[in-house]
Amino acid sequence: MSPKRKIRILIAKPGLDGHDRGARVIARGFRDAGFEVIYTGLHQTPEQIVATAIQEDVDVIGLSALSGAHDYLFPRITELLREEGADDITVIGGGIIPEEDIPELNKAGVKAIFTPGTRIEEAVAWVKGHVKLRG
Amino acid sequence: MEEREKLIAETKRWEETTFSKSVSRFPERKKKFESTSHIEFKRLYTSIDEREDDYIERLGFPGEYPFTRGVQPTMYRGRFWTMRQYSGFATAEETNKRYKYLLEQGQTGLSVAFDLPTQIGYDSDHPMSLGEVGKVGVAIDTLSDMETLFEGIPLDRVSTSMTINATAVILLAMYLAVAEKQGVKPEQVRGTIQNDILKEYVARGTHIFPPRPSMRIITDIFAFCKDNVPQWNTISISGYHMREAGSSAVQEVAFTLANAIAYVQAAIDVGLDVDDFAKRLSFFFNCHNNLLEEIAKFRAARRLWARIMKERFHAQKPASCMLRFHTQTAGSTLTLQQPDNNVVRVAFQALAAVLGGTQSLHTNSRDEALALPSEEAVRIALRTQQIIAHERRP
Amino acid sequence: MGLAERILKGDVRAAARLMRDIDDDLPDAWHELKKLYPKTGRAYIIGVTGLPGSGKSTLVDKIVEIFRKEGKTIGIVAVDPTSPFTGGAILGDRIRMQRHSTDDGVFIRSLATRGYLGGISRSTHDIINVMDAMGKDIIIVETVGVGQDEVEIVNTAHTSIVVTVPGLGDEVQIIKAGLLEIADIFVINKSEREGAEKLEQELRVMIEMAPPRQDGWTPPIFKTEAVLGKGVFELIYGVSRHRNSLIESKKLDGKNKLRTKKHFLKLLQTRLLESVLGRMEEGETLDKMLQQLVDRKGNPYGLVEKIMREHLKSHLRSDHGGKGKTHS
Amino acid sequence: MVKEEEFAELRQGKGRWKKDLDEARSKVPLRRNRFSTVSDLEIEGLYTPEDIKHLDYFQKIGFPGQYPFTRGIQPSMYLGRLWTMRMFSGLGGPEETNQRFKYLLEHGETGLSVAFHFPTLMGYDSDSSMAKGEVGKCGVAVDTLKDMEILFDGIPLDRVTTSMTINPPASILLAMYIVAAEKQGVNREQISGTIQNDMLKEFIAQKTLMLPPNPSIRLIVDTVEFCTLEVPRWNTISISGYHIREAGATAVQELAFTLADGIAYVEACIDRALDIDRFAPRLSFFFDAHIDFFEEIAKLRAARRMWARIMKERFGSKSSRSWMLRFHTQTAGVSLTAQQPYNNVVRTTCEALAAVLGGTQSLHTNSLDETYAIPTEEAAFIALRTQQVLAEETGVANTIDPLAGSYFVEALTNRIEEDAWEYIHKIDELGGMVKAIDRGYPQAEIAESAYIYQQQIDSGEKTLIGVNKYVTDHPPIPIWRMDPAIEKKQLERLKAVKTTRNNDRVRTHLERIRRGAEGDENLMPLIIDAVREYTTLQEICDVFRQVFGTYQDPGMF
């Protein structure tokens, strides 16, 4: 691993939910932790998110959903990543996600779920601890 | 005062125009709005309802006579009230476990509930105790039980309140003995015994002896503690039970302070100096549903007590004039039906107690109307206090 | 198969990865760039710069829409600033262009300045080369957009567009201070706003007052409402007029030569400095030298001469210069 | 009231107290060096009559039902009628929501409040590709008039008031409601309720976006104009601070940005040559009740005073009904935690009390499970009971504005008002709210506050029980789950409607709307005609999107 590698993370809001407070706070948190954060704005389809992740060659995709549609949207994104051969990108998620949905999401390839109350530091530490930089 | 007259005139105008026009179309919900103490609420209060020229005299400043705005100058900016959940059940071992749980959860003081035999002076093996042992609190027969009860809890670090009356003197003695065995000196221990026998005759009924010897024991405790256990609250003069028994807020305060006057008089009569023992008198009030009335009650109680001590008993020290009190939310307001509603009631009551300036607080658990509270219910009750303390940021 | 080969076969992931390696300054990236270089030189490069809040990204989005209708493929490089305090960055220019993200004919790449001045990143020119090799017809570079010192775009793009909006107050002064020389084309975006006419007049006066340009081109002014796509057609027409004028006046070759020269010299300068510094830092000599200079025991002029002599000598002796970098 | 000469004595007294305080804190230090509200307003340790010395009772406080309405908008306030208990609800399909409505009405709720699912909120039908995975999740799916009919089946629309949280397609949902009422035999003069219809706060905070600002405002003014003439009891805009606050704004920002939005709407209506005293009485407001008790009460009191002044002085409105700021309140969703969910009952309780002491006209109390999903029936029930206990047991509704005259509350009310005016002046300088939004000004202010708050929580400077203090496990609570069959049923119904309606007529109506949109006639009558023929929500919205263009959030940081 080169010391010059900088972690790039895509913060994305899939679906129609427009509550972006969490996504924006976490984006700033990652920036302040020295990451390069690509922010795609609201109302992104899974296809847009995956295409963006590939073009931007990110290490991590952080998804935020508060509408309850995570059970469809998150697995759809990991599925598309697999189709594109880009499943080496780590997918994590946050938002209003019931505890009992987490095993299913993990099985679908979402590596970690951060529920409300997570400190910014925790999310940052998780990414630093779990994301292996390429190259 | 010119402005006052103008306000009186304007209020009259408002009532006759804007208000009466509206009320003729939308009548008021009730003919009369009154508090639980049947104090009638006016529809609107303005500064004409305050007495003139009375700020310094009637309100003053926190930590100063007449203490209407609180007994400490810092109040909750310095320290929050003590979160003290009344608990005790079954054996000393189990109660000890519950205490440790509560301390871990952030509770800041202990409060012991004893079973009825202990409260009325019977050991667990007495025929009168049959079926009562460990039921409404913990059973303490000997020092050995007391040692178990506080096993692993350093008595120089916590303060302990004991709801005990007729046998208070014995339980206090045991507590001091446990402390001694832990290597803690009597002058280091802090806590309260309820020791309020008068209200037992009036409302609660765990008395043993006739009033006169009971009063003698109490003044003995006053005298002993002032010399040996200076940080101990020798009595907790309680309105709680009278309120639970159905009194109004006004009656609660009036009867409690009347009892207090009797204790002070008794102590003076045996030759104690009021400024030697009065600062260790404490109080215990109920906090009912009527939010504004309760807040007013606490503030009025402080002012009344200050005046009684200064004017009636000629106390010289400010500390003798301070009414320090514990509060418990009103058990009688909780319902068996829809127990989750009780969480809401308790939250309102706790808020009123805090806005009224309490020194410590027990919040009831939502299932208290059913049985002894579950751990989960106790935790929610404690969290209620913590949310008011930390999130509401008073 | 190396990244370069995969890129030439149309592998998008490989292109994205190489861009990352370039941006992260990995030694292997040079190897790939060498292979790609012969395939570059075909794309037309447009720079978009201007004041913050002027709507550059939205404008780019609309420009892309029109070019795509014409069947052109597009690469976009969007640069945002790196925080000097944390080293992190939020790259948000894509937000207004996301509808193109799933279009195979469009490739968008967000870059952080990583401390590089001049409105773009150190890697921008090389990343343009990758897009060029990918076969993109047009490459649009959106600069940081702080409104000053964004001069590097001139050495990067064929046509530079400066975007401004009415109502910011002293926009003309800002442009005079830093963007006037850059502009091949001016855009007044959000032209429905009050003050658009006045701004246009002021810009016109400013252009007329400026000394005539060597290439004989007078920058035109276009008014757009990017949100509604109004005026963007005309703007694109303006870009192609500029391009034609470059071709007609035989200035395009010159421009390319200038771009190549700047790029080449930058690479050379960077590598030389890295190489020299790399050697020096091995023995902590830089720190010692600095102390000598501070103590006035040496002087910087003599020292540079000495280093150059020694460096060239040792460089001639050794196979490769620098530490661990492949320079061959 | 304290006489002027007495202030000298008061100051002396306060000086003495300060000495006591210093002495006390030298022994036991204060808990913090700085005390501030949840919005980070610094507060003093003690307030006395001096802090409200300059408060002119008649100018600043006055009487209930009179200018400047600080003490409440009705002369009798809760002595006459309690606030409306209005629980925001919507889940699954229209059948399920209809059932929940009936359940809440049976348990004493007094007004309805519809939560729509995201596709409806954004102007998409359930069969749109954009709706995938979202149908019925966060609210009820309403695609056509058919769904609206089912939603209110058996609920007499002349007897209840209905609030609809709907923004970009507000005019379409209102049209459906009008026609649904018509089919019940209730005419449009009889119905009453509210559409949120507040796009400015969407651009600022909630981001349910469809059209650019200018056409959005045109649609809003269309509804205002139409309702003023034909649906006189309808609240045409619910100018909302709630979402602004939930997005991270402080109490002052919430107040200021909301009133600034209100100013922008009033100006837009005046530009249409509407008579202010005809439309302004039907503008309503919507605020958040957050956890910082006194700050919230002060905010709500300041809001009334400020709006009255804006309407009277800035716009020269003549009718006292135009000066009244009537508002709905919702307790703060963001204050709730997923950890230890029962703590949320306590939070909601305190927040509801603040709303009532602040004089709200209607109230939604959040359920304890709201950080997980749509509330279960049981959780919604406790939330409703919270209001009922507040109304019937605590006695706080038995005198008007009981905290008036409190040194702290009055001083804080003044302070919040002053700070909010400063923001409003700044927005005026930027050329009004639409321009300020275009610049990203309120967005950036809110993002900054949200980030600071998160840092304060992370550092423990601010406390969240169960999250950064007293962290423990908690037993799981039941969570509402959508039956997947609901989506299927919804899609089937939509398909059936599309095949059985008169599609020629639908096309004609859509064409008519297109021409209307391209011109400047009021679109409401055209929309009503279209929905009556079962034209879908998205079909109409697509026309709007084509004519007006769409809006993308600039995502400013």
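Scroll up to find the structure.
Residues numbered from 1 in each chain as written. Chains lettered and ligands numbered in written order. Predicted model: local features only at pLDDT ≥ 70, side-chain atom pairs only at ≥ 80, totals over all residues. Heavy atoms only, no water.

Participant: Would you mind going over the overall build of chain A with me for this structure?
Facilitator: A tally of regular secondary structure across chain A gives five helices and five strands. Mapped in sequence order, the helices and strands of chain A form the string β-α-β-α-β-α-β-α-β-α. The C-alpha radius of gyration of chain A comes to 13 Å, within 12% of the 14 Å expected for a compact globule of 135 residues. Counting only C-alpha atoms and orienting by the principal axes, one finds that chain A spans roughly 40 × 35 × 25 Å. Across the 135 residues of chain A, 67% fall into the buried class. Long-range contacts, defined here as pairs at least 24 residues apart, represent 71% of the contacts in chain A between residues at least 6 apart. Of the side chains in chain A, 17 bear a positive and 20 a negative charge, and the two mean positions are spaced by 8 Å. (Helix = DSSP H or I, 4+ residues; strand = E, 2+ residues; numbered from the N terminus. Rg over C-alpha atoms; globule rule 2.2 N^0.38 Å. Buried < 20%, exposed > 50% of the residue type's maximum accessible area, 1.4 Å probe, protein only. Contact = heavy atoms within 4.5 Å. Lys, Arg positive; Asp, Glu negative; His and termini not counted. Charge placed at Lys NZ, Arg CZ, Asp CG, Glu CD.)

Participant: How should the overall build of chain C be read in this particular structure?
Facilitator: From N to C terminus, chain C includes 11 helices and eight strands. Relative to its length of 328 residues, chain C is compact, with a C-alpha radius of gyration of 22 Å against a globular reference of 20 Å. Seen through its C-alpha atoms, chain C measures out along the principal axes to roughly 65 × 50 × 45 Å. For chain C, buried positions account for 52% of its 328 residues. In chain C, once contacts between residues fewer than 6 apart in sequence are set aside, the share between residues at least 24 apart is 77%. In the form shown here, chain C has an accessible surface area of approximately 16,000 Å², with 55% of it arising from carbon and sulfur atoms. Of note, chain C has its 50 positive side-chain charges centred 4 Å away from the centre of its 46 negative side-chain charges. (Areas by Shrake-Rupley, 256 points an atom, 1.4 Å probe, with all protein chains shown as cover.)

Participant: Which parts of the structure should I look at to understand the interface of chain D and chain B?
Facilitator: A common way to express how large an interface is: the accessible area buried when the components associate. Across the boundary between the two partners, chain D contributes 83 residues, which contact 74 residues of chain B. Counting each side, the surface lost to burial between chain D and chain B is near 7,300 Å², with a carbon and sulfur contribution of 61%. Where E64 of chain B meets R16 of chain D, a salt bridge forms, and the shortest distance between an N and an O atom there is 3.3 Å. One can count 32 residue pairs in polar contact (both at pLDDT 80 or more) joining chain D with chain B. Elements that contribute at least two residues to the side of chain D that touches chain B include exactly helix 1 (6-27), helix 2 (57-61), helix 3 (77-80), helix 13 (293-314), helix 15 (343-357) and helix 16 (377-392) of chain D. A per-element tally of the side of chain D that touches chain B places helix 1 of chain D first, with 10 residues. Among the residues making up the side of chain D that touches chain B, the classes are represented as 43 nonpolar, 20 polar and 20 charged. (Buried area = accessible area lost by both parts, 1.4 Å probe. Salt bridge = Lys/Arg side-chain N within 4 Å of Asp/Glu carboxyl O. Polar contact = N/O pair within 3.5 Å; in protein donor to acceptor, adjacent residues only side chain to side chain. Nonpolar A, V, L, I, M, F, W, Y, C, P; charged D, E, K, R; others polar.)

Participant: Would you take a moment to explain the sheet that holds strand 2 (residues 109-113) of chain B for this structure?
Facilitator: Residue and element names in this part refer to chain B. Spatially, the nine strands line up as an open sheet ordered 5-4-3-2-1-9-8-7-6, and their pairing is parallel. The outermost strands of the open sheet, each flanked by one partner alone, are strand 5 (232-233) and strand 6 (235-238). Inspection of the sheet shows strand 4 (residues 190-193) paired to strand 5 by two bridges, in the parallel sense. Note on strand 5: the bridge partner recorded for G191 is W232. Strands in contact with helix 13 (residues 341-355) are strand 7 (281-287), strand 8 (325-329) and strand 9 (360-362); relative to strand 8, the strand with the most contacts, it is inclined by about 165°. (Pairing = 2+ DSSP bridges. Axes fitted to C-alpha atoms, helices over the stretch in contact; angles between N-to-C directions.)

Participant: Please explain the packing of aromatic side chains as it appears in this structure.
Facilitator: Each aromatic ring pair is described using two quantities: the centre-to-centre distance and the angle formed by the ring planes. Summed over all chains, the structure comprises 35 aromatic pairs over all chains. Geometrically, the ring pair formed by W14 of chain B and F63 of chain D is stacked, given 5.9 Å between the ring centres and 20° between the ring planes. A residue pair is termed interchain when its members come from two chains, as with W14 of chain B in helix 1 (residues 2-25) and F63 of chain D in the loop between helix 2 and helix 3. With respect to burial, W14 of chain B and F63 of chain D carry one shared label: buried. Aromatic side chains F80 of chain B and W81 of chain B sit 5.6 Å apart centroid to centroid with 70° between the ring planes, which places their arrangement in the edge-to-face category. Each member of the pair, F80 of chain B together with W81 of chain B, is buried. Residue placement shows K310 of chain B over the ring face of Y65 of chain B; its charged tip is 4.2 Å from the ring centre. (Phe/Tyr/Trp six-rings, centres within 6.5 Å; stacked < 30°, edge-to-face > 60°. Lys NZ or Arg CZ within 6 Å of the ring centre and 35° of its normal.)

Limitation: the analysis is restricted to geometry and does not speak to function.
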